[in-house]
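What the coordinates show
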Amino acid sequence: HKLIPSPCFLTFSASPIYKEHSQCVYGFVEGKDDPAFYKYLIKSQLPDDWEIKLITSGNKQKVIRSYKNFNWTDYSRKRICFFIDRDLQDFLEVPQKLDDNLYITDGYSIENSILHDELIFEVLSDIYQITQLRAEEEDIIKQIIRTNKDLFFESIMPLMGQILLWRRSGSKPNLNNLALDKFFSFSQANLVSIDCNKILEVAAKQLGCNLCADIDISTAENEIRSHINARNCVRGKYAFWLFVKQCESIWEAIPILLQRFPNKPSKRIQ
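Structural notes, computed from the coordinates.

Cut-offs used in this document
- Residues numbered from 1 in each chain as written.
- Predicted model: local features only at pLDDT ≥ 70, side-chain atom pairs only at ≥ 80, totals over all residues.
- Heavy atoms only, no water.
- Pairing = 2+ DSSP bridges.
- Helix = DSSP H or I, 4+ residues; strand = E, 2+ residues; numbered from the N terminus.
- Right-handed = clockwise from strand over helix to strand, strands pointing away.
- Salt bridge = Lys/Arg side-chain N within 4 Å of Asp/Glu carboxyl O.
- Buried < 20%, exposed > 50% of the residue type's maximum accessible area, 1.4 Å probe, protein only.
- Contact = heavy atoms within 4.5 Å.
- Polar contact = N/O pair within 3.5 Å; in protein donor to acceptor, adjacent residues only side chain to side chain.
- Core = buried A, V, L, I, M, F, W, Y, C linked by side-chain atoms within 4.5 Å.

**What about the pairing of strand β2 (residues 51-56)?**
As paired elements, strand β1 (residues 24-29) and β2 share six bridges and run parallel to each other. Within β2, the position partnered with Val 29 by the bridge is Thr 56. Considered for its hand, the β-α-β crossover made up of β1, helix α2 (residues 34-42) and β2 is right-handed.

**Some points on the pattern of salt bridges**
This structure, assessed with the given rule, holds 15 salt bridges. Arg 134 serves as the salt-bridge partner of Glu 137, at 3.4 Å between the closest nitrogen and oxygen. Residue class for Arg 134 comes out partly exposed when judged on its relative accessible area of 44%. Put simply, Lys 267 and Glu 248 hold a salt bridge, and the shortest N to O gap is 3.3 Å. A residue pair is termed long-range when its members are at least 10 positions apart, and Lys 267 in the segment after α8 (236-257) and Glu 248 in helix α8 qualify at 19 residues. Relative accessible area serves as the criterion here: at 18%, Lys 267 is assigned to the buried category.

**Comments concerning the environment of Glu 30**
With respect to the element layout, Glu 30 can be found in the loop between β1 and α2. Given a relative accessible area of 10%, Glu 30 falls into the buried group. The spacing of Glu 30 and Asp 85 is 55 residues in sequence and 7.9 Å in space, taken between C-alpha atoms. Contacts of Glu 30, omitting those with residues within four sequence positions, involve Thr 56, Ser 57, Gly 58, Asn 59, Lys 60, Val 63, Phe 83, Ile 84 and Asp 85. Reaching out from Glu 30, the side chain makes a polar contact with the backbone nitrogen of Asp 85 at a distance of 2.6 Å.

**Side note on the nonpolar core**
Among the nonpolar cores identified, the biggest contains 69 residues, and Leu 124, Ile 130, Ile 141, Phe 152, Leu 159, Tyr 238 and Ile 250 are the most heavily contacted of them. Here the element with the most residues in this core is helix α5 (residues 135-168); it accounts for 13 residues. Setting aside chain neighbours within four positions, we find Leu 159 in contact with Leu 178, Phe 183, Ile 199, Leu 200 and Ala 203. Membership of the second largest hydrophobic core comes to 16 residues, among which are Ile 55, Tyr 67, Phe 70 and Ile 84.

Structural data, given as structure tokens:
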């Protein structure tokens, strides 16, 4: 069976985007939001005078197809890489075999790799201008972040179990259609969640899928919880939603959280 080259590969090979002797690395990624995340991680691994150019492929299958169809006599294996999401494949199938220039994310997707507390404080400083925090002020915000994370991941884990069951049954709901603001809200920067069973009901309705039996959902959920890093198995875009909304809610509540701020600072980016 001969593989058919994917459109992104054909575009790459037929255009002047690749320059043989330039100080540039190239990468094929899945979605349109991925380049921003990968550039953040790749840049620190390159010399300062090197560039990164990333090509959006559309999905995992197209990235793999491009990888398999490359004519490596014409291109450098050291300067072209392919990046795919792990998704829930650890629970579904034999993991994708890696190669020198084929990378798979450690967690569900690339978003899971950057969501660290340090980055939250960078965003609060750079975008929301909550700067020069004292140690005790940082501790207040860290406690809020820790509590919010615990509640978020605890609340969403049954849903991930149900998503795993849908995937195993061959169902492919569009997970982008889930509106997390139907499940979660914030009060003075503290996350508020609806009941886990309600989350399942609302999610099933939004995605147009039937819920599995409670015992099956619980079993699948426990499979995920038994993973060495269960929180990394939660869909990265959902974790990133928490990251963004949490930053916004801390900014909104900063006059209440820290007395030193009588008003919200002006955001640098509106």
